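What follows is each chain in one-letter form.
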Amino acid sequence: MTKIRCKTSKEIGGMGHSMKRKEDARFIQGKGNYVDDVKLPGMLYMDIVRSPYAYAKIKNINSEEALKVPGVVAVVTGRDLEKYNLHWMPTLMSDTQMVLPTDTVMYQAQEVAAVIATSRYAARDGKEAVMVDYEPMKPVIDAHKSLDADAPILRPDKEGKTDNHIWHWEAGDKEATDKVFNEADVVVKQDMYIPRIHVASIETCGCVANYNKVDNHLTMYMTTQAPHAIRTVIALVAGHVGLTEEKIRVISPDIGGGFGGKVPVYPGYVIAIAVSFLTGAPIKWIEDRTENLQADSFARDYHINVEMAGTKDGKIQATRFKVLADHGYTDASANPSKFPTGLFSIGTGSYDYNNAFMEADAVYTNKPPGGVAYRCSFRVTEAVHAIERITDRFAMEVGKDPAQLRMENFIKKEDFPWKSPTGWEYDSGDYHAGLKLAMDTVGYDDLRKEQLEKRAKGEWMGIGISTFTEIVGAGPSKDFDILGIKMFDSAEIRVHPTGKAIARFGTKSQGQGHETTYAQIVAEELGIPAEHIQVEEGDTDTAPYGLGTYASRSTPTAGAAAAMAARKLREKAKKIAAYLLEVSEEDLEWEPGKFFVKGAPEKVKTIQEIVFASYTNHPPGMEAGFEATHYYDPPNLTFPSGAYICVVDIDPETADIKVRRFVAIDDCGHIINPMIVQGQVHGGLTQGIAPAMYEELIYDEDGNILNGTLMDYLVPTAVESPNWETGHTITPSPHHPIGAKGVGESPTVGAPPAIANAIVDAVSHLGIKHLDIPITPFKLFKKLKEVGAIS
Amino acid sequence: MIPANFDYSAPSTLDEALSLLQEHGDEAKILAGGHSLIPMMKLRFASPAHLIDINNIPDLSSIKEEGDSFHLGAMTRESDVEHSEALTGAFPIFADVTKLIADPQVRNMGTIGGNLAHGDAANDHPAVMMALNASVEITGPEGTRTVGIDEFFFGFYMTAVQPNEILTGISIPKQRGKVGSAYHKAERKVGDYATAGVAVQIATDADGKCTYAGIGLTNVNAVPMRAKRSEEALVGSDLSDELIAQAAMMASEDCNPSADLRGDEEYKRHLVKVITKRMIHKAIQRAK
Amino acid sequence: MTMKKITVKLNGAEHSAEVEPRLLLVHLIRENLNATGTHIGCDTSNCGACTILLNGKSVKSCTVLAVQADGKEITTVEGLATAEGLHPLQEGFKENHGLHCGFCTPGMMLRAVELLENNPNPTEEEIRWGISGNLCRCTGYNNIVKAIQYAGAKIRGDELPSTEPEFV
């Protein structure tokens, strides 16, 4: 196993050092600058009237009383926006979405009208006074019924639409896979539902749109994970009213958690821009929590049928996946364009077999649109849950220990790069080492003994494993784009004469610690101390173009760009050093922070001296200055992996479930900052236990959300969240400049099946083979009742 | 989320508060800890025209041992109850229950009187007060009257407190003999309202015979509920495991839970059975 | 509706304001007094991002009216550090990576101030229950627990625990 490597001194603080975060100073002193902290002169406030119905005709909107409320300046409806052709907008998946409706509302909490006022309080009072006359219609809520012959056609606005089907998608070889299934000894099947959930970042979404009429310029402060892409989208939507791209500046200030929920463009942003455009005043819109939970993009909501075929002695031979995807009223996913199911096809897992077939159909329903890649590289969470659950089902069926079965089926270390049955080339991995470390850490064999002893006494404990392969770092330009824009990312490094630098990126941190880790990458490559490298992101006027931060792509793309830009500068430094030392470049050797003459280490130029020379004494014929930019187009995705083991105890009387231990071994390649990587894993694990045991957006048959506040949408506290035990193996990515892979979402992806597997394992002796997440004590109780295991 | 507008008074005496209540009638609401009322106002489920803030009235917040009983001022904060060694020493049930009410910040504001006066069967103190056989002091223009806890809760969010009255205190009798108490609720996560909760106080004589049994149930009935049949089964008995199991079964039969996101009727009855049994045992174990 | 004149002491400095009775304390702090370190996360007193100290007690300022703070002392994150430097909790959070996005952090630290005052040497379990009114969506709480333990040790004058990540 490779150790975390530190090639630089602690003073330089390159890769491998647990450097304390540079951004923390402002956050711990209340000096962060989040969007609701932005205050501009003359600013007006917007509040949004929302639909109480899931599906209804709007017969009338009466603003009269609202306009009488002191402080209310205007009430804006879809009819008002229609005059400027701003009442519709494209989604990232080339579907369309209402900004404000002109005649029909399609989901509960949909935006219906906007109230503009001189204060937050007046806007709220105005909203209360807007009278909307609705004619409710019977909505389509159950995805399974959306294609029924008698289901209403929800999108007659889309030309030629005769049903609620959005798209069909396939991957793998159907014929060959079916053949293996037909001939297999053992086939296990499972229907499972990956519930609709919400990112519920503690900061909601919001913006301050500031259109300046005099110079026809829009500054948009907004909670966005992808400021550059947003600028382009605004230009595409509003170009026809004169807002062309050079006149738009998107500033993404500090973001209070994103997790994919701050990738899409929500109607509120567009309304704020339109109103600022029309009034010339800055418009602030900040969602409250109910709006955030009820209207912003959901995640998941995949109904999956998964099957595994194999031999009696436990060799996996093939898998089949069939998905029904509920997208709500419009396909507002945040996927790369060519991937309607995102990277779901990673679902063949960490196992060595050659046949798989996957298909998916997406449908419209009268629920909020989505779904976003919630801390997930586009539907990987759904795929991993399916494969890791069905692997356990298969192990149970053939009577093998799930750890042993996995060990016997893993792709071997020496077989990488490995071509998956759905066409991915896994870059690297060492799955056996990961699982072994996890088993040793948790004490697997002893736990199995304890489980048997406990069962004999009527006590229930379970051990659950998940050994997942992730796919992140979207992505190579041959396959990956969003609205046509290739999914590269960028870095620009400018070193000042005194050897201190500013580095700018096309990504945008929402808590991942970019200001520290990017500085460490540059420090690693140039030897300039990380503390002297200022990292800046989020301002489209200053940062190089990039696609933003989501899907664990920052390190694989912008992190690589940082290394590549720094290497360009090191090349330049070498030339300058050769000039200064009057030797040829070949005679020079590099060690972090300096070039010296081979065999004569006293003849040395530090990076600081070299940079200074680039401004004061640069070689003839060379461009002055010390600055480089790189747009990194990854040759492949990266494939982080993990081995997670969860131990649960279940109260046989109440069905209460307690996570006793959780060991997470992650392999994200070379580690930039162990402290931050570990922190990412901790956080992702809590976001993994959340859907596994607590969270789900629940709708009744009329489309009313039943848990649209944090009173009932159960975000885990420090009490539900166990003490996470973490560790790592290191299998560097062979194609990434610094061998890193990305880590942020691995734990969110890997934890739910480990927990579900543990709970099922605890009660498997009672004949229970599967439970859908979230597995609550109530749900488990009902199942135990059903099998007669609880009186 | 922002409440609708209202007028606000913060009287510094009880008399002043009562005359404001008299003046504003139904339009007025009493503001105690505010952690039920203000969220409802922010969601605009409640829009009182006048708030009478009783936080500035001295003497409403106190925990006093008075001979055979403890007296709690209505404005005693949950956190004061939680940290009162005298009270949690005499009644460990208060340590159990306060830990499970919302969270520390809410407990710094929330008051024991407000928890009762809200009349919500989902709140925890109603069941506790039933188990302890407390009585409630209500002050109005005519003076102070005392109402037994069984006569306090009337219906859905309705209590014996009349629109011109204020709940001012709670009196908890000390039972004789060896006395123990315990509370637990099943909750979806910490700070949640109970899926089902059970409060128990048991007293035994020198021979181990049960001389007192109080059992209150949380959130499994439209109004806070006493498990009367269970109590009767225990009093006079020797508290055998079998009898305790029977008493627990009776509680689960007698409650009337309704299905919601927390669970269905069957599950809640089941929880009442299990938790009642466990809390009786725990109360007995703690008896001293 | 009658406006009310109130006077509060925010982090030691006295401020007077004429306010609507419905003005929430968190809005008084953020908008009238421009101390934006206190955040709003949920509106229903579940998340704790708006936690401040009111006369030394941690409360959720989104569920307290500004008029209720009349005559009282308010401490927010801006008031934690002193001329001598960072508060032990601020140091603890930074040294132990107790924050990612930073949005819940001020409320979390203010809650922990009172927690440590009541219990200077809390167990992990006591810390977890003690911050159960504060949601964090980023950290998974492990390092917040460590940060509070670190601050406790610093306040007590004990040896400081290691801040190295416990990576297997």
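Residues numbered from 1 in each chain as written. Chains lettered and ligands numbered in written order. Predicted model: local features only at pLDDT ≥ 70, side-chain atom pairs only at ≥ 80, totals over all residues. Heavy atoms only, no water.

## Focus on the sheet that holds strand β11 (residues 206-212) of chain A
Residue and element names in this part refer to chain A. Ordered in space as β3-β7-β1-β14-β11-β12-β13, the 7 strands form an open sheet in which the pairing is mixed. Edge positions in the sheet fall to β3 (72-77) and β13 (248-251), since each of these pairs with one other strand and no more. Neighbour to neighbour, the strand axes of the sheet diverge by 20 degrees on average, direction disregarded. Relative to strand β14 (residues 283-286), β11 runs antiparallel, the two being bridged by 4 bridges. For C207, the partnering residue across the bridge sits in β14 and is W285. Across the face of the sheet, helix α4 (residues 120-129) comes into contact with β1 (44-50), β3, β7 (111-117) and β14 while running at roughly 25 degrees to β1. (Pairing = 2+ DSSP bridges. Helix = DSSP H or I, 4+ residues; strand = E, 2+ residues; numbered from the N terminus. Axes fitted to C-alpha atoms, helices over the stretch in contact; angles between N-to-C directions. Contact = heavy atoms within 4.5 Å.)

## Structural notes on the interface of chain C and chain A
Listed by partner, the interface residues are 53 residues for chain C and 67 residues for chain A. With both sides pooled, the region where chain C packs onto chain A buries about 5,000 Å², and carbon together with sulfur makes up 56% of that total. Put simply, chain C and chain A have 5 salt bridges between them. Across the pair R22 of chain C and D125 of chain A runs a salt bridge, and its minimum N-O distance is 2.5 Å. Counting every contact that joins chain C to chain A gives 32 residue pairs in polar contact (both at pLDDT 80 or more). Of all the elements in the fold, those that place two or more residues in the side of chain C that touches chain A are α1 (25-32), α2 (88-95), α3 (105-118), α4 (124-130) and α5 (142-156) of chain C. Considering every element that reaches the side of chain C that touches chain A, the biggest residue donor is α2 of chain C, with 4 residues. For the side of chain C that touches chain A, the per-class residue count stands at 22 nonpolar, 19 polar and 12 charged. (Buried area = accessible area lost by both parts, 1.4 Å probe. Salt bridge = Lys/Arg side-chain N within 4 Å of Asp/Glu carboxyl O. Polar contact = N/O pair within 3.5 Å; in protein donor to acceptor, adjacent residues only side chain to side chain. Nonpolar A, V, L, I, M, F, W, Y, C, P; charged D, E, K, R; others polar.)

## Side note on the domain arrangement of chain B
When the parts come together, some accessible area is lost, and that loss is often what is quoted as the size of the interface. Residues and elements named next belong to chain B. According to the domain assignment, chain B contains domain 1 (7-53), domain 2 (63-173) and domain 3 (178-286). Taking only C-alpha atoms into account, the centre of domain 2 sits 19 Å from that of domain 3. Between domain 2 and domain 3, the contact holds 25 residues from the first and 27 residues from the second. Of the roughly 2,100 Å² buried between domain 2 and domain 3 on both sides combined, carbon and sulfur atoms contribute 57%. Across the domain 2-domain 3 interface, the total number found is 3 salt bridges. For D96, the salt bridge goes to R286, with nearest N and O atoms at 2.7 Å. Inspection of the domain 2/domain 3 interface yields 12 residue pairs in polar contact (both at pLDDT 80 or more). (Domains from an automatic or database assignment.)

## A short note on the interface of chain A and chain B
At the junction of the two partners, chain A supplies 28 residues and chain B supplies 21 residues. Area buried by chain A at its contact with chain B is led by R124, E653 and F778 of chain A, which between them contribute 24% of it. There are 8 salt bridges connecting chain A and chain B. R278 of chain B serves as the salt-bridge partner of E653 of chain A, at 2.8 Å between the closest nitrogen and oxygen. At the junction of chain A with chain B, the criterion picks out 12 residue pairs in polar contact (both at pLDDT 80 or more). Elements that contribute at least two residues to the side of chain A that touches chain B include exactly α4 and α18 (777-786) of chain A.

## Some words on the packing of α2 of chain C against α3 of chain C
Residue and element names in this part refer to chain C. Relative orientation of the contacting elements α2 and α3 amounts to 125 degrees, with a least axis distance of 10 Å. Put simply, α2 runs oblique to α3. Note that α2 runs across α3; the crossing there is right-handed. From α2, L89, Q90 and F93 reach across to α3, where they touch T105, M108, M109, A112, V113 and L116. Taken together, the residues that form the contact of α2 with α3 break down as 7 nonpolar, 2 polar and no charged. (Parallel < 35°, antiparallel > 145°, perpendicular 65-115°, else oblique. Left-handed = near helix turned anticlockwise from the far one by under 90°.)

## Comments concerning the nonpolar core
If you look at soluble globular proteins, the nonpolar side chains tend to sit buried side by side. Counting 197 residues, the largest nonpolar core has M220, I304, F662, I759 and L780 of chain A together with L217 and L234 of chain B as the members making the most contacts within it. The contacts of I759 of chain A, once residues within four sequence positions are left out, are V648, I650, I657, M693, L771, I775 and L780 of chain A. Y34 and A54 of chain A together with C101 and C138 of chain C belong to the second largest nonpolar core, which has 52 residues in total. (Core = buried A, V, L, I, M, F, W, Y, C linked by side-chain atoms within 4.5 Å. Buried < 20%, exposed > 50% of the residue type's maximum accessible area, 1.4 Å probe, protein only.)

## A closer look at the pattern of salt bridges
Counted according to the given criterion, the structure contains 89 salt bridges over all chains. Between K449 of chain A and D446 of chain A there is a salt bridge, with the nearest N and O atoms lying 3.7 Å from each other. Note that K449 of chain A and D446 of chain A are positioned in helix α12 (residues 444-456) at a spacing of 3 residues, about one turn of the helix. Here R137 of chain C and E695 of chain A are joined by a salt bridge, their closest N and O atoms 2.6 Å apart. Taken together, the positions of R137 of chain C in the loop between α4 and α5 and E695 of chain A in the loop between α16 (674-694) and β33 (725-728) put the pair across two chains. The pair formed by R137 of chain C and E695 of chain A is uniform in burial state, with each residue classed as buried.

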